[in-house]
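Take a look at the letters that make up each chain.
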Amino acid sequence: MSGAADYQEMAASLPPSLKAITLTHVRYRRGDPLGLFLAWVSLVPVFISLGGFVSHFLFRRELQGLCFAAGLLVSQVLNELIKHSVAQSRPAYCELLEACDSHGWPSSHSQYMFFFATYLSLLSLRRSRARQVITAVPWPLAFLTMLSRVYLGYHTVAQVFAGAVVGLVFGAIWYWIVNTMLVDYFPMIEESAIGRWLYIKDTSHIPDVLKFEYDNARAARKKVATD
């Protein structure tokens with residue numbers, strides 16, 4: 001009995017098992033400049049979420065952008081469901097990265113970036129020709145993110161390719177849902193009480209939003225000057 005009591009007392013004195021929130025906790029080999037660069041690349045989804053969509057809501061509040069952000073959230077939920085269903089382990093190197101307590105298939109970073117690249121490309125193609133140049137911007141970042149997750153040891157090649165396929169397919173599906181089904185409700189949301197209170201707007205019917213806002217800003221300034 002005394003041995004059991006001693007064991008319980010020793011167990012109670014041990015520190016509890018701790019788990020970190022690894023939102024920006026990315027490891028790379030010390031002295032490896034490529035690893036440092038790719039570690040920053042792997043944080044691009046965080047920058048897009050916090051810097052891009054948060055600032056979009058604060059300053060733009062366009063329904064198309066809000067649906068874009070909602071799609072990324074749904075994509076991440078889908079990623080977690082698939083990961084827990086498949087339950088495929090990360091590479092053995094994950095012990096050094098303190099990442100073995102989560103599953104690896106499909107890669108959430110890869111899925112996020114390919115959803116983002118697909119939706120942004122499809123959205124830009126329907127805008128002005130100047131905006132269509134934007135379609136080339138996210139794809140190098142998406143492929144670099146894939147490379148970073150393999151190079152840094154967080155995923156296998158198969159896991160990042162699976163994430164890319166899921167992100168690309170779901171990004172196209174979500175774009176179709178938004179722009180063939182949900183878009184019909186945009187005017188109603190825009191004119192609703194909460195829409196007017198939050199200044200939520202729909203610009204999906206304007207071919208070139210940048211030029212439209214530029215022209216209206218200049219017209220408003222001229223009107224103020226003449227009043």
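Residues numbered from 1 in each chain as written. Predicted model: local features only at pLDDT ≥ 70, side-chain atom pairs only at ≥ 80, totals over all residues. Heavy atoms only, no water.

## A few points about the overall build of the chain
Part 1 of the argument: Looking only at helices and strands, the chain has 12 helices and zero strands in total.
Part 2 of the argument: Secondary structure elements of the chain, listed N to C terminal, follow the sequence α-α-α-α-α-α-α-α-α-α-α-α.
Part 3 of the argument: Out of the 227 residues belonging to the chain, those deemed buried represent 37%.
Part 4 of the argument: Total accessible area computed for the chain in this model is approximately 14,100 Å², and 69% of it derives from carbon and sulfur atoms. (Helix = DSSP H or I, 4+ residues; strand = E, 2+ residues; numbered from the N terminus. Buried < 20%, exposed > 50% of the residue type's maximum accessible area, 1.4 Å probe, protein only. Areas by Shrake-Rupley, 256 points an atom, 1.4 Å probe, with all protein chains shown as cover.)

## Brief notes about the side chain of S124
Part 1 of the argument: With respect to the helices and strands, S124 occurs in helix 6 (residues 108–125).
Part 2 of the argument: A distance of 2.8 Å separates a polar atom in the side chain of S124 from the backbone oxygen of L120. (Polar contact = N/O pair within 3.5 Å; in protein donor to acceptor, adjacent residues only side chain to side chain.)

## Examining the environment of G171
Part 1 of the argument: Tracing the backbone shows G171 in helix 9 (residues 157–180).
Part 2 of the argument: What makes G171 buried here is its relative accessible area of 0%.
Part 3 of the argument: In sequence terms G171 and L120 are 51 residues apart; their C-alpha atoms lie 9.0 Å from each other.
Part 4 of the argument: If we ignore the near neighbours within four places in the chain, the residues touching G171 are F115, T118, Y119 and V166. (Contact = heavy atoms within 4.5 Å.)

## Some details on helix 2 (residues 33–41)
Part 1 of the argument: Listed in full, the buried residues belonging to helix 2 are G35, L38, A39 and V41. Axial view of helix 2: buried residues confined to an arc of 155°, hence all on one face. Among the exposed residues of helix 2, those pointing more than 90 degrees away from its buried face are P33 and W40.
Part 2 of the argument: Tucked into the core, helix 2 has its buried residues touching helix 3 (44–59) and helix 8 (138–151). (Arc of directions from axis to C-beta.)

## Examining helix 6
Part 1 of the argument: A rise of 1.5 Å per residue sets the reference length of helix 6, with its 18 residues, at 26 Å; its end C-alpha atoms lie 26 Å apart and thus fit the reference within 8%.
Part 2 of the argument: Across the 18 residues of helix 6, 15 count as buried, placing the element largely inside the fold.
Part 3 of the argument: For helix 6, the N-terminal capping position is held by S107, with its side-chain oxygen 3.5 Å away from the main-chain nitrogen of H109. (Expected span 1.5 Å × (residues − 1).)

## Some remarks on the pattern of salt bridges
Part 1 of the argument: Overall, the coordinates contain one salt bridge when judged by the stated rule.
Part 2 of the argument: Across the salt bridge formed by K211 and D215, the nearest N and O atoms sit 2.8 Å from each other. Of this pair, K211 and D215 both sit in helix 12 (residues 209–226), four residues apart, which is roughly one turn of that helix.
Part 3 of the argument: Given a relative accessible area of 49%, K211 falls into the partly exposed group. (Salt bridge = Lys/Arg side-chain N within 4 Å of Asp/Glu carboxyl O.)

## Quick notes on the packing of helix 6 against helix 8
Part 1 of the argument: The geometry of helix 6 relative to helix 8 is characterised by a closest axis approach of 9 Å and an angle of 170° between their N-to-C directions. It follows from the interaxial angle that helix 6 and helix 8 lie roughly antiparallel. Contacts between helix 6 and helix 8 pair H109, S110, M113, F114, F116, A117, T118, L120 and S121 from the former with P138, W139, L141, A142, F143, T145, M146 and R149 from the latter.
Part 2 of the argument: A per-class count over the contact of helix 6 with helix 8 returns 11 nonpolar, five polar and one charged. (Axes fitted to C-alpha atoms, helices over the stretch in contact; angles between N-to-C directions. Parallel < 35°, antiparallel > 145°, perpendicular 65-115°, else oblique. Nonpolar A, V, L, I, M, F, W, Y, C, P; charged D, E, K, R; others polar.)

## Quick look at the nonpolar core
Part 1 of the argument: Core analysis: the largest hydrophobic core is formed by 28 residues, its most contacted members being I48, F53, F68, L72, F115, F116 and Y119.
Part 2 of the argument: Broken down by secondary-structure element, the contributors of at least two residues to this core are helix 3, helix 4 (63–86), helix 6, helix 8 and helix 9.
Part 3 of the argument: At nine residues, the largest contribution of residues to this core is made by helix 6. (Core = buried A, V, L, I, M, F, W, Y, C linked by side-chain atoms within 4.5 Å.)

## Some thoughts on the UniProt feature "transmembrane region" (unreviewed entry) in the chain
Part 1 of the argument: Following the UniProt record, the feature "transmembrane region" (unreviewed entry) maps to residues 37–59, 133–152 and 158–178 here.
Part 2 of the argument: Helix makes up 70% of residues 133–152 and strand 0%, and the two end C-alpha atoms of the span are 31 Å apart.
Part 3 of the argument: Between the C-alpha atoms that bound residues 158–178 the distance is 30 Å, and the span itself is 100% helix and 0% strand. (UniProt positions renumbered as here; feature names shortened; annotations may be inferred.)

## Some words on a nonpolar patch on the surface
Part 1 of the argument: There is a patch of nonpolar side chains on the surface, built from W176, M181, L182, Y185, M188 and I189 and spanning about 610 Å² of accessible area.
Part 2 of the argument: Judged by relative accessible area, M188 falls into the exposed class, the value being 54%. (Patch = residues over 30% accessible without salt bridge, like charges linked within 9 Å, V, L, I, M, F, W, Y side chains within 5 Å.)

## Some details on unusual backbone geometry
Part 1 of the argument: Although it is not a glycine, Y199 sits at a positive phi angle of roughly 60°.
Part 2 of the argument: Assignment of secondary structure puts Y199 in the loop between helix 11 (193–197) and helix 12.

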